[in-house]
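Results of the structural survey
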Amino acid sequence: MTALDIGANTLVACTTTTGEQYLYEGRDLFNRFRETTREIARLQSKLEDWRYSSERIRRLYRKRTRRRDHAQEALCRDLLERLYEDGVDTVYIGGLIDVLDTHWSVETNAKTHNFWSFRKFTERLVCTAEEYGISVEVRSEAWTSQECPQCGSRDRTTRHQDTLTCPCGFEGNADLTASETFLKRHTEQAVRPMARPVRFEWDDHDWSESPHSHRPKEQRTDPSTVHHNGNVAFGDS
Ligand SMILES: [Zn+2]
């Protein structure tokens, strides 16, 4: 079983019951989307009054869409391939509610609707999952993005950009943490201790492991914190 958090900066943050965590970075893609959008605006401002568009502008729009579709297609393929190999049979998707309601801003709106087109992305994920015999469930309930996975605190945690910190000493990627918390709450299966998260970046052809992949500062191995996780069983059972 796996939980995906779909967001704007981190396109997908994923936690599996087998203890894998994957992060797909959206920043470079978004920056390139914004560059192309600015170029379109620049060309539009130079158009004569009676003209609505030009061949060059239309070409840029197509290029922008093609680039996104290619990255989405490749992401779905890369992720589902991994999940299939990890033996995952069900995927829970969440995170969009959070993006749309809580952190709404002009920029987030641009990211969710124009840039990444989340509805399209979710449909693509569902279709690709079907090919691998993996079922997908979209959960509209509030996504648990503020809960500390180490001590369970909700009101003492602080989110700054993509990082969630807690006075208990926990620090980690907020979206990844959200998917982990969700998974632990909704699975009967034991969730294994997390391996080092793997971070992927898009290079126009493939999603490949980022050279910046690093383990965030966390103290998961401290045995004194394990009992705070209630009914979640740890270990290789
Ligand atoms: Zn904590």
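Here the structure is a predicted model, which means the values were calculated and not measured.

Parameters at a glance
Residue numbering note: each chain is counted from 1, following its sequence as written. With the structure being a predicted model, the display of local features is reserved for residues of pLDDT at least 70 and the display and counting of side-chain atom pairs for 80 or more, all residues being used for whole-chain, interface and lining totals. Helix and strand definitions follow DSSP, with helices as H or I runs of at least four residues and strands as E runs of at least two, each counted in order from the N terminus. Three exposure classes are used. Buried residues have 20 or more other C-beta atoms within 10 Å of their own C-beta, exposed residues have 12 or fewer, and partly exposed residues fall in between, all C-beta atoms being placed from the backbone. The predictor rates its confidence in each residue with pLDDT, a number between 0 and 100. The span you would expect from a helix comes to 1.5 Å times its residue count less one. Whenever a helix is involved, its axis is fitted only over the stretch in contact; in every case the axis is a line through C-alpha atoms, and angles between N-to-C directions fall within 0 to 180 degrees. Under this scheme an angle from 65 to 115 degrees is roughly perpendicular, one under 35 degrees roughly parallel, and one over 145 degrees roughly antiparallel; angles in between are oblique. Whether two residues are in contact depends on their C-beta atoms, placed from the backbone: they are in contact if these lie within 7 Å. Each residue receives one of three labels: charged for Asp, Glu, Lys and Arg, nonpolar for Ala, Val, Leu, Ile, Met, Phe, Trp, Tyr, Cys and Pro, and polar for the others, Gly being one of them. Joined through C-beta atoms within 7 Å, a set of buried Ala, Val, Leu, Ile, Met, Phe, Trp, Tyr and Cys residues constitutes a nonpolar core. One requirement defines pairing of two strands: DSSP has to find at least two bridges between them.

Right, let's get into the overall build of the protein. Summing up its helical and strand segments, the protein has six helices and 10 strands in all. The buried share among the 237 residues of the protein stands at 32%.

Here the focus is the confidence of the model for the protein. Of all residues in the protein, 78% have pLDDT values of 70 or greater, and the mean over the chain is 80. The secondary structure element of the protein with the lowest average pLDDT is helix 3 (residues 96-102), at 50, and the one with the highest is helix 2 (residues 55-85), at 94.

Helical geometry: 3.6 residues make up each α-helical turn, so side chains three or four residues apart lie on a common side. Here helix 6 (residues 174-186) spans 18 Å end to end across 13 residues, near enough to the 18 Å set by a 1.5 Å rise per residue. For helix 6, the tally of buried residues reaches 11 of 13 residues, placing the bulk of the element in the interior. Looking only at helix 6, the buried set comprises A174, D175, L176, T177, A178, S179, E180, T181, F182, L183 and K184.

Viewed as axis vectors pointing N to C, helix 1 (residues 27-45) and helix 2 meet at an angle of 170°, and their least axial separation amounts to 9 Å. As summarised for this structure, helix 1 and helix 2 are arranged roughly antiparallel, according to the angle between their axes. Contacts from L29, F33, T36, E39, I40, L43 and Q44 of helix 1 reach helix 2 at R56, I57, L60, Y61, K63, R64 and A71. The class makeup of the residues in the contact of helix 1 with helix 2 is eight nonpolar, two polar and four charged.

The next subject is the nonpolar core. Grouped together as the largest cluster of nonpolar side chains are 38 residues, with contacts concentrated most on L4, V12, Y24, L75, L79 and V91. No other element matches helix 2, which puts six residues into this core. Filtering out sequence-adjacent residues up to four positions away, L79 remains in contact with V12, C14 and Y22.

Turning to the sheet that holds strand 8 (residues 171-173), a few remarks are in order. With antiparallel pairing, the three strands of this open sheet are ordered in space as 6-7-8. Here the strands that pair on one side only, and so sit at the sheet edges, are strand 6 (158-160) and strand 8. With direction set aside, neighbouring strand axes in the sheet form an average angle of 25°. In this fold helix 6 packs onto strand 6, strand 7 (163-165) and strand 8, with an angle of close to 90° to the strand it touches most, strand 8.

With respect to burial, strand 1 (residues 2-6) is a largely interior element, five of its five residues being buried. As paired strands, strand 1 and strand 2 (residues 10-16) are joined by five bridges and run antiparallel to one another. Residue pairing in the sheet places A3 in a bridge with T15 of strand 2. Two successive antiparallel strands, strand 1 and strand 2, enclose a turn made up of three residues. Inspection of the sheet shows strand 1 paired to strand 4 (residues 90-94) by four bridges, in the parallel sense. Looking at strand 4, one finds that L4 is bridged to I93.

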